[in-house]
Amino acid sequence: MSRAGLAPAGEAREPRPASVQPMIAVRRLAKSYATKRGGVVALEDIDFAVAEGEFLAILGPSGCGKSTLLKILAGLLPATGGEASLRGTPIAGPRRDIGVVFQSPVLFPWRSVLHNVLLPADVQRLGRAEHERIAFELLSLVGLAGFEHRYPWELSGGMQQRVAIVRALVHDPAMLLMDEPFGALDAMTREQMNLELQRIWLERRKTVVFITHSIPEAVFLADRVLVMTPRPGRIAEIVAVDLPRPRSLDVMSTPDFGAAVKRIRAHFNARGGLVA
Ligand SMILES: Nc1ncnc2c1ncn2[C@@H]1O[C@H](COP(=O)(O)OP(=O)(O)O)[C@@H](O)[C@H]1O
Ligand SMILES: [Mg+2]
């Protein structure tokens, strides 16, 4: 990784040329929650852009506002200040061109794998035959061929999360938002899921916003890592990771990988460490 690859936040946040419209543009975004004990400021002065096809990881300690930010991008929660837009249009509610994966897979137990995956297509009344074909193809891509007619309780946690990822992709959204999708998995399954997600991303080139509180996971997956401060969440730095792709798990033992991890970790050492 070159020194230039580790651009300080100020540089990374410089406006892009007008000809390259970002997929997501977030400007002066703020969010406060009203509670019985007064207002809670969750996010403050958040500014960043995500390019079309980019893989952005958002990293920060528990409670710094990561899920709040993701819900705002998904149109599930209104901001209280600033704005977030997708391809130039303010995000004002849930959108069909966004796929969301939460920390727990939230599959419907009474629906088979195939029918869980087809849910967004059913809700949006998209062509059944075509989407069934896409569902079979995607399930096979994540190693679940032959499991189409099984039920969620017949699958391991990792397999259920792969079903949730396929469900988020089935209606071909332009963007995938993932909130700590592998947080509940054991370390080895998690590494396999990281490899799998990279493969899907290389194959389909969706724009991905991926939330995690694992530094190595963020560095392994992302083109850039947006590091957040503890609450109220602000951007501490945006670190570019220009390790070549496809990345194998061995990349984690290279000096460039170590340098990126160290640079990010320094933010948290100064502030009392990352909370798992
Ligand atoms: N619905 C809510 N009402 C009040 N406070 C909330 C609500 N949701 C989140 N918060 C608070 O906002 C802050 C950020 O939460 P969250 O976005 O879930 O953080 P993270 O995902 O980084 O752990 C936390 O202090 C949390 O307690
Ligand atoms: Mg969260």
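A short tour of the structure in this document, coming up.

Basis of the calculations
Residues numbered from 1 in each chain as written. Chains lettered and ligands numbered in written order. Predicted model: local features only at pLDDT ≥ 70, side-chain atom pairs only at ≥ 80, totals over all residues. Heavy atoms only, no water. Near = heavy atom within 4 Å. Polar contact = N/O pair within 3.5 Å; in protein donor to acceptor, adjacent residues only side chain to side chain. Areas by Shrake-Rupley, 256 points an atom, 1.4 Å probe, with all protein chains shown as cover. Helix = DSSP H or I, 4+ residues; strand = E, 2+ residues; numbered from the N terminus. Pairing = 2+ DSSP bridges. Contact = heavy atoms within 4.5 Å. Axes fitted to C-alpha atoms, helices over the stretch in contact; angles between N-to-C directions. Expected span 1.5 Å × (residues − 1). Buried < 20%, exposed > 50% of the residue type's maximum accessible area, 1.4 Å probe, protein only. Arc of directions from axis to C-beta.

With that out of the way, let us pick up the site of ligand 1. In the vicinity of ligand 1, the contacting residues are Tyr33, Thr35, Ala42, Pro61, Ser62, Gly63, Cys64, Gly65, Lys66, Ser67, Thr68 and Arg231. At 3.2 Å from an oxygen atom of ligand 1 is found a main-chain nitrogen or oxygen belonging to cysteine 64. For ligand 1, whose free accessible area comes to 560 Å², the fraction covered by protein is 64%. If you list the elements that add at least two residues to the shell around ligand 1, you get strand E1 (24–35) and helix H2 (66–73). The element that contributes the greatest number of residues to the shell around ligand 1 is H2, accounting for 3 residues.

The strand order E2-E1-E4-E5 describes an open sheet built from 4 strands, whose pairing is antiparallel. The open sheet is flanked by strand E2 (38–50) and strand E5 (89–90), the only strands paired with a single partner. On top of the sheet, H2 reaches E1, E2 and strand E4 (81–86); it is set at about 120° to E1, its chief contact.

Because each turn of an α-helix spans 3.6 residues, side chains separated by three or four positions in sequence point in the same direction. Across its 14 residues, helix H5 (residues 128–141) extends 20 Å between first and last C-alpha, which sits within 8% of the 20 Å expected from 1.5 Å per residue. Every buried residue of H5 is accounted for by His131, Ile134, Ala135, Leu138, Leu139 and Leu141. Seen end-on, H5 carries its buried residues on one side only, within an arc spanning 150°. Of the surrounding secondary structure, the elements contacted by the buried residues of H5 are helix H3 (113–117), helix H4 (119–123), helix H6 (157–169) and helix H7 (187–204).

Over its 13 residues, H6 extends 19 Å from the first C-alpha to the last, a length consistent with the 18 Å expected when each residue adds 1.5 Å. Most of H6 is tucked away: 11 of the 13 residues are buried. Listed in full, the buried residues belonging to H6 are Gly158, Met159, Gln161, Arg162, Val163, Ala164, Ile165, Val166, Arg167, Ala168 and Leu169. Those residues of H6 hidden inside the fold are in contact with strand E6 (98–101), H3, H4, H5, strand E7 (175–179) and H7.

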